[in-house]
Amino acid sequence: MPSKKSSRKPAPWQEYAVTIRRLAEGERGVDASDPESLGLRTKFGGTPDWEQEDEHPTCKACQTAMNFVGQIDSFEHQSKRNPNSRSAMGVQDFMFGDVGMIYVFYCIPCAKAKAIVQYG
Ligand SMILES: [Zn+2]
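Rules and cut-offs
- Residues numbered from 1 in each chain as written.
- Predicted model: local features only at pLDDT ≥ 70, side-chain atom pairs only at ≥ 80, totals over all residues.
- Helix = DSSP H or I, 4+ residues; strand = E, 2+ residues; numbered from the N terminus.
- Buried ≥ 20, exposed ≤ 12 C-beta atoms within 10 Å, placed from the backbone.
- Pairing = 2+ DSSP bridges.

Draft legend 1. Molecular detail of unusual backbone geometry. The backbone of glutamine 63 sits at a positive phi, close to 65°, despite the residue not being glycine. Mapped onto the secondary structure, glutamine 63 falls in the loop between strand 1 (43-44) and strand 2 (67-73). Given 8 C-beta atoms within a 10 Å radius, glutamine 63 is considered exposed. One non-glycine residue with positive phi stands out, namely alanine 111, at about 55°. As for its position among the elements, alanine 111 is in the loop between strand 3 (101-107) and strand 4 (112-118).

Printed below as a string of structure tokens:
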């Protein structure tokens, strides 16, 4: 751990564009239980595809369960099916732990957000 905090921002990571497509009722974007889907599980809405146990948060302000906004997968995961694959031997910025996921939650009445990371 650094002994002195710095307000200097790190260099920005490679920028990616995101395409958002509304799914039909009952349609799934990706089968998160399929090992071939690693790195491809980023989504908005629905329910979280937890890597570990369910950690659905409660809003600290109003004590109600927060809305699930989405999840950001380790989308540079090296695999043949992943169009954003980067070598595991090189630099992978969007790698959260061992192919982990960042989950984002929001409380509408309180306008509060929370992010949770789980490792793969
Ligand atoms: Zn709240």
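So that's the structure; there's more coming.
Draft legend 2. The arrangement of the sheet that holds strand 3 in detail. Taken in spatial order, the four strands make up an open sheet running 1-2-3-4, and their pairing is antiparallel. Looking at the sheet topology across the chains shown, the edges are occupied by strand 1 and strand 4. Here six bridges tie strand 2 to strand 3, and the two strands are oriented antiparallel to one another. Among the inter-strand pairings, phenylalanine 68 is bridged to a residue of strand 3, identified as phenylalanine 105.

Draft legend 3. Representation of the environment of tryptophan 50 in the model. Structurally, the position occupied by tryptophan 50 is in the loop between strand 1 and strand 2. With 52 residues separating them along the chain, tryptophan 50 and isoleucine 102 place their C-alpha atoms 9.6 Å apart.

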